[in-house]
Amino acid sequence: ALAAVGAADQVAPPADLKSRVMTEVGQTRQLSPRISGADPSRHRMIRRTGTILAIAASIALAIGSGVLVGRSHDDSYAGAAADVLDQPDSRVVDMDGPNSSHVRVVWSPARGRAVVTADKLADPGDGRAYELWLINDTGPHPVHLLDDASDGTIRRVVDIEGAGTQMGITIEPDTGSASPTLPILYAAAT
């Protein structure tokens, strides 16, 4: 019945409809414009700024929900993390590990500090802890023992002296180690 009703009142489209639609399609921008001669370093800077802003937002959200406040009982982590994230030279180092675990280090070489956040880490075991390493031409150098990560998370601001081309994380005795115990579970270029 609906088909009969629809067929009973047919109107032919205007003869120039197709040409008008095709003209509009030809004049309507379909993709973002390409900028000729664009500076790739500018695009990297924009992406880095977006990443840093996302990290800052996640820290603010965690503080607002009480996660970090409950762990530290003061605002020292929040203030120190904000200081590192605010530095123009801060670098984001992402390290993926086993079982979908992830470590992110935002490091400011000029400030000599880094914010370390990690999620879904395996419990390192009794008397053991995660340790951050800075790796350069002379080898790995211990930076700092991190939180015990017994709940699978790390939220820490650490001092980093010197420079390096890579960072790594291992599981060490909870007193620290002078050289990394293999395997290096997380590693990435700085």
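Each remark here, short or long, concerns the structure printed above.
Before going into details, it helps to say that this report is about the structure given with it. (Residues numbered from 1 in each chain as written. Predicted model: local features only at pLDDT ≥ 70, side-chain atom pairs only at ≥ 80, totals over all residues. Heavy atoms only, no water.)

What about the sheet that holds strand β1 (residues 91–96)?
Put simply, the rule is: A pair of strands is labelled paired if DSSP reports no fewer than 2 bridges between them. Helix and strand definitions here come from DSSP, where helices need a minimum of 4 consecutive H or I residues and strands a minimum of 2 consecutive E residues; each element is numbered from the N-terminal end. Helix axes use the C-alpha atoms of the stretch in contact, all axes being lines fitted to C-alpha atoms, and the angles between their N-to-C directions lie in the range 0 to 180 degrees. The contact criterion used is simple: two residues touch if any of their non-hydrogen atoms lie within 4.5 Å.
Strand order in the open sheet formed by 4 strands is β1-β2-β3-β6, with antiparallel pairing between adjacent strands. Edge positions in the sheet fall to β1 and β6 (154–159), since each has one partner strand and no second. Between one strand axis and the next, the sheet turns through 15 degrees on average, direction left out of account. Along the sheet, helix α5 (residues 76–85) makes contact with β2 (102–108), β3 (113–119) and β6, crossing β3 at roughly 110 degrees.

Quick notes on the environment of V106
Along the chain, V106 turns up in strand β2. Setting aside its immediate chain neighbours within four residues, V106 contacts I55, V84, L85, S90, R91, V92, R113, A114 and V115.

Looking at the sheet that holds strand β7 (residues 166–173)
With antiparallel pairing, 4 strands are arranged side by side in an open sheet as β5-β4-β7-β8. Only two strands of the sheet have a single neighbouring strand rather than two, namely β5 (139–145) and β8 (186–189). Averaged over all adjacent pairs, the angle separating strand axes in this sheet is 30 degrees, with direction ignored. Here β7 runs beside β8; their pairing, made up of 4 bridges, is antiparallel. Counted as the bridge partner of M167 is A188 from β8.

Things to note about unusual backbone geometry
This is how it is decided: Burial classes follow relative accessibility: with a 1.4 Å probe on protein chains only, a residue under 20% of its type's maximum area counts as buried, one over 50% as exposed, and anything between as partly exposed.
Note that the residue after L182, namely P183, is joined by a cis bond; omega there is 5 degrees. Mapping P183 onto the fold places it in the loop between β7 and β8. Of note in the backbone geometry, S100 takes a positive phi value of approximately 65 degrees without being a glycine. You can see S100 is positioned in the loop between β1 and β2. Judged by its relative accessible area of 58%, S100 is exposed.

As for the environment of G152
Tracing the chain through its elements places G152 in the loop between β5 and β6. For G152 and P124, which are 28 residues apart along the polypeptide, the C-alpha to C-alpha distance reads 9.3 Å. Among all residues touching G152, those that are not within four sequence positions of it are A118, D119, K120 and L121.

Observations concerning the side chain of E172
Keep this limit in mind: Under the convention used here, Asp and Glu are negative, Lys and Arg are positive, and both His and the chain ends fall outside the count. For this document, the term salt bridge refers to a Lys or Arg side-chain nitrogen within 4 Å of an Asp or Glu carboxyl oxygen. Pairs of N or O atoms within 3.5 Å make up the polar contacts considered here, provided that, within protein, one atom can donate a hydrogen while the other can accept it, and that residues adjacent in sequence are counted only when both atoms are side-chain atoms.
Secondary-structure assignment places E172 in strand β7. No salt bridge is formed by the buried E172; the nearest opposite charge belongs to R128, separated by 5.4 Å. Within polar-contact distance, the side chain of E172 engages the side chain of S177 at 3.4 Å. Those residues in contact with E172 that sit more than four places away from it in its chain are G127, R128, A129, E131, W133, S177, S179, P180 and T181.

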